[in-house]
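# Structure assessment
Chain by chain, the residues run as shown.
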Amino acid sequence: MSLSVAAAASSSQAPATYRYDVFISFRGEDTRKGFLSHLQVALRQNQIQTFRDDDGMDKGGLIWDELLHAIRNTNLFVVIFSENYASSRWCLKELVEIMERKNNNKVVIPVFYGIEPTHVRKQTGSYRRAFDKHERSSEDRCHVQQWRTALTQAANLSGITFDDHRDDEAKLISDILKAILPHCLKNKCFIDGLKRPFICNTNYTRVESLMRLKMEKVLVIGIWGMGGIGKSTIAEALFNNYSFQYEGSCFLSNSRELGKPCLSDICSRLLSQLLNQDLHNTNIGVLDSRTKSKLEKKRALIVLDDVVDSPIATDLVPGLRTCLCSGSIVILTTRDRSVLTSGGVEQIHEIKQMSNGDSYQLFSHYAFSDSHPKEGYGELTARVINYANRIPLALKILGSFLRGKSVAEWDSALKKLRKYPNADIQKVLRLSYDALDDDEKNILLHVACCFHGHEMEKITRILNSCDFFADIGIKSLLDKSLINIYSNVRYDKYIQMHSLTQEMCWKIIHEEYNKNGGQQIRLLNTTEEICNIFQDERDIHGVESMTVDMNQVTIDPRIIIIALRKMPKLRLLALRGNFNMDLEWNTVFLEGFQLPNDLRYIEWNKCPLKFV
């Protein structure tokens, strides 16, 4: 008999992945109705889908070719040796094939269920009686030596021994899962509770390494990064793969919404799940002795996802540190690093953008149900990867949207994205912007307009001169993952912004016109729009910043000079590219021209003015 554990039947993550994570070889009459059914439940609880030969197949069972195909498309094997395993010709044939895979560096885990390993290794006891029958069978006789060799090789491997008279079956199942899961993760692909593909890269393994440590205290881990970068997915994967090792577990998703009720409501929901009882109006700092005693004896795994409010970190988490059993783990995911630091979280892991290769795999799954682009879509896929800039959320949304569409439709959609960003992506990113105060919003929009890639010290000085509180404002934007800093070889610090965040800011800037009754505050390098604004002589009296690529301007450059005369509040001006104005020809035109008094920053190549 056999049971194959399907991990990703419909999703190839890479050429090296397999159709099945685990193939289980077992003797049906010994294990099917007891131990194996319990193991199957545990596998399902851990989001591993099981496939059995009596599910959806003809009553005659699997034909050998199908079974052989399953074995050859599996990376890990669990062989459950039981009292009557050797009496089954079917099981022994499976074992021979499995041990051949072992010689090809596949993993084989033997489980000795109610039988001593020595009986399997030396074919004694019930195994000797089974082979006596095989020796007398003309059909089996020629295979006996091959079967004996396979049994001996398998029994010599490091495995799990279970005494069905003394040992706890639940512990055996736990031990098998502990042995299986690390190998599944090593192959980079599994399907989580939402049936989504998952790339097990360094973002995951850096946090996962902490889960393996034996701690003498409650460990609090912070997972931090920009919206859409995969924080929640990593937390879900950790929870799915490790929650079974704890006496209690709780995953509170979307704490951004949960933070709206009072903290006692969140605490009540959390403790109700951990203790499996109905609790109301609970304060983590004032627990009755009975509840506290239960928590102190329970190793727990808790995930608080998408935390935005500091009280969760400053009040709830310290309370959990004191009342949970040593070895418990609390994981917080957030876009705002200050939430973690305010709660004294020491283990803070920033989630980085995916690698280019992982981006191709993830996008290809959603767009093509494969690990690589479909023929004829390679160049288009590269354009999507470039646009999404290695952000998982964007890759998933765009992959799902483009799935099944023609080459012409892909090309049209990608061109449209440059003018009309995807609403679902924007919605997620916009949450971070909406959480800013007005000063921080202005700083962010000015960085998006004028200062992406500029030196941090210079930007801070300029924005401070514009009456923004740039020192604390830039720090807040860094904490909220809306901007980041990189250093050059001289260790000068520069501010940069993810392309999708910058695109969000540009969209917000274009929306200002409608929100402010037709008044422009910022003019951004949408050349066609800027040309229209100047030619239509719209009200630009309130413009505070303007960025234009002069290489793209299709109107007489002198119209821009005329427009500058109408911007008394202008503080930031960037005229990039070649601004060709013949100085001698325009002497009269420029006579008496003066830049606005409030101007604090000017970027103007070949500026024709004698002084500014």
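Note on numbering: residues in each chain are counted from 1, in written sequence order. In keeping with the predicted nature of the model, local features appear solely for residues at pLDDT of at least 70, side-chain atom pairs appear and are counted solely at 80 or more, and the whole-chain, interface and lining totals rest on all residues. To obtain the side-chain values, all non-hydrogen atoms of the structure were included, while hydrogens and water were left out.

## Overview of the overall build of the protein
Keep this limit in mind: Secondary structure elements follow DSSP: runs of H or I no shorter than four residues count as helices, runs of E no shorter than two count as strands, and numbering proceeds from the N terminus. Between buried and exposed lies partly exposed: a residue is buried under 20% and exposed over 50% of the maximum accessible area for its type, with that area taken using a 1.4 Å probe on protein chains only. Every residue pair with non-hydrogen atoms within 4.5 Å of one another is taken to be in contact. Residue burial considers only the protein chains on display, and all accessible areas are found by Shrake-Rupley using a 1.4 Å probe.
When its secondary structure is counted, the protein shows 27 helices and 17 strands. The buried share among the 612 residues of the protein stands at 52%. For the protein, the proportion of contacts with a sequence separation of at least 24, taken over those separated by at least 6, is 72%. For the protein, the exposed area adds up to about 28,800 Å²; of that, 48% sits on carbon and sulfur atoms.

## Considerations on the sheet that holds strand E9 (residues 300–304)
Here is the rule: Note: two strands are recorded as paired if DSSP finds a minimum of 2 bridges between them. Axis definition: a line fitted to C-alpha atoms, over the contacting stretch in the case of helices. Angles run 0 to 180 degrees between N-to-C directions.
Strand order in this open sheet of 5 strands is E8-E9-E10-E7-E11, and the pairing throughout is parallel. Since the sheet does not close on itself, it has two edges, and those belong to strand E8 (248–252) and strand E11 (347–350), each with one partner. Between one strand and the next, the sheet's axes are offset by a mean angle of 15°, whatever the strand orientation. Of the pairings in the sheet, the one linking strand E7 (residues 219–224) to strand E10 (residues 329–334) comprises 6 bridges and is parallel in character. In the sheet register, Ile223 faces E10, and the bridge partner there is Thr333. Along the sheet face, helix H12 (residues 263–275) touches E8 and E9 and points at about 140° away from the line of E8.

## Thoughts on the pattern of salt bridges
Rules: Any carboxyl oxygen of Asp or Glu that lies within 4 Å of a side-chain nitrogen of Lys or Arg is treated as forming a salt bridge with it.
Applying the stated criterion across every chain, the model contains 17 salt bridges. Taking the shortest distance from any N to any O, the salt bridge between Arg383 and Asp411 comes out at 2.8 Å. Within this pair, whereas Arg383 is found in helix H17 (residues 378–388), its partner Asp411 is found in helix H19 (residues 407–419), the two being separated by 28 residues in sequence. Residue Arg383 is classed as partly exposed on the basis of its relative accessible area, which comes to 26%. On the basis of relative accessible area, Asp411 is assigned to the partly exposed category, the value being 24%. In this structure, Glu511 engages Lys507 in a salt bridge whose closest nitrogen and oxygen atoms are separated by 3.0 Å. Here the residue Glu511 and the residue Lys507 both occupy positions in helix H24 (residues 499–515), the gap between them amounting to 4 residues, near one helical turn. Each of Glu379, Arg383, Asp411 and Lys415 takes part in a single network of salt bridges with overlapping partners.

## Concerning helix H3 (residues 64–72)
This is how the line gets drawn: Directions are taken from the helix axis to each C-beta atom, and the arc is the one they span.
Along H3, the positions that sit buried rather than exposed are Leu67, Leu68, Ala70 and Ile71. Along H3, the residues classed as buried sweep out an arc of 160° about the axis, all on the same side.

## Side note on the packing of H12 against helix H13 (residues 289–296)
Filter applied, for reference: Small angles under 35 degrees read as roughly parallel and large ones over 145 as roughly antiparallel, with 65 to 115 read as roughly perpendicular and the rest as oblique. A clockwise turn of the near helix away from the far one marks a right-handed crossing, whereas an anticlockwise turn of less than a right angle marks a left-handed crossing.
Contact geometry of H12 with H13 gives a least axis separation of 11 Å together with a crossing angle of 60°. The angle between H12 and H13 falls in the class oblique. Here the hand of the crossing between H12 and H13 comes out left-handed. Residues Leu271, Leu274 and Leu275 of H12 pack against Thr291, Lys294 and Leu295 of H13.

## Here's the deal with the sheet that holds strand E14 (residues 522–523)
Ordered by their spatial adjacency, 4 strands build an open sheet running E14-E15-E16-E17, and the pairing between neighbours is parallel. Pairing within the sheet leaves two strands with one partner each, and these edge strands are E14 and strand E17 (601–604). Summarising the sheet, strand E16 (residues 572–576) and E17 pair through 4 bridges and their orientation is parallel. Note that in E17 the partner of Leu572 across the bridge is Tyr601. Packing against the sheet, helix H21 (residues 438–451) makes contact with E14, strand E15 (545–549), E16 and E17, and its axis sits at approximately 20° to E16.

## What about helix H10 (residues 231–242)?
Here is the rule: Expected helix span is computed as 1.5 Å times (number of residues minus one).
The terminal C-alpha atoms of H10 lie 17 Å apart, and with 12 residues this matches the ideal 16 Å at 1.5 Å per residue to within 8%. The element H10 is extensively covered by neighbouring structure, given that 11 of its 12 residues are classed as buried. By the burial criterion, the buried members of H10 are Lys231, Thr233, Ile234, Ala235, Glu236, Ala237, Leu238, Phe239, Asn240, Asn241 and Tyr242.

## Describing the nonpolar core
Note the cut-off: Among buried residues, those of type Ala, Val, Leu, Ile, Met, Phe, Trp, Tyr and Cys that are joined through side-chain atoms within 4.5 Å constitute a nonpolar core.
Among the nonpolar cores identified, the biggest contains 80 residues, and Ile221, Ile331, Phe363, Trp410, Leu444 and Ile483 are the most heavily contacted of them. Among the elements that make up this core, the one with the highest residue count is H21 (8 residues). Aside from chain neighbours lying at most four places away, what touches Leu444 is Tyr433, Leu436, Leu477, Leu482, Ile483, Met497, Met504 and Cys505. By size, the runner-up hydrophobic cluster in this structure holds 31 residues, among which are Val220, Leu279, Ala313 and Leu340.

## Let's talk about the pairing of strand E12 (residues 484–487)
Relative to strand E13 (residues 493–496), E12 runs antiparallel, the two sharing 4 bridges. Bridged to Ile485 within E13 is Ile495. Linking E12 back to E13 in an antiparallel pair, the connection comprises 5 residues, with Tyr491 at a positive phi of about 70°.

## Some words on the packing of aromatic side chains
Our working definition: For this analysis, a ring pair means two rings from Phe, Tyr or Trp (six-membered ring only for Trp) whose centres lie within 6.5 Å, classed as stacked if their planes differ by under 30 degrees, edge-to-face if by over 60, and tilted for the remaining angles.
Using the criterion set out here, one finds 12 aromatic pairs in the structure. Their ring planes at 80° and their centres at 5.8 Å tell us that Phe363 and Trp410 sit as a pair that is edge-to-face. Pair noted here: Phe363 is in helix H16 (residues 356–368) and Trp410 is in helix H19, with a separation of 47 residues, a long-range link. Of the residues examined, Phe363 reaches a relative accessible area of 0% and is grouped as buried. Ring geometry for Phe368 and Tyr377: centres 5.7 Å apart, planes at 65°, overall edge-to-face.

## What about the side chain of Gln502?
Structurally, Gln502 is set in helix H24. Those residues in contact with Gln502 that lie beyond four places of it in its chain are Ala448, His452 and Met497.

## Some details on the packing of H21 against helix H22 (residues 456–465)
Geometry of a packed helix pair, given as the angle between the helix axes and the separation of the axes. Remark: H21 packs on H22, axes separated minimally by 12 Å, with the N-to-C direction vectors making an angle of 125°. As summarised for this structure, H21 and H22 are arranged oblique, according to the angle between their axes. Seen from above, H21 lies across H22 with right-handed handedness. Contacts from Ile443, His446 and Phe451 of H21 reach H22 at Ile459, Ile462 and Leu463.

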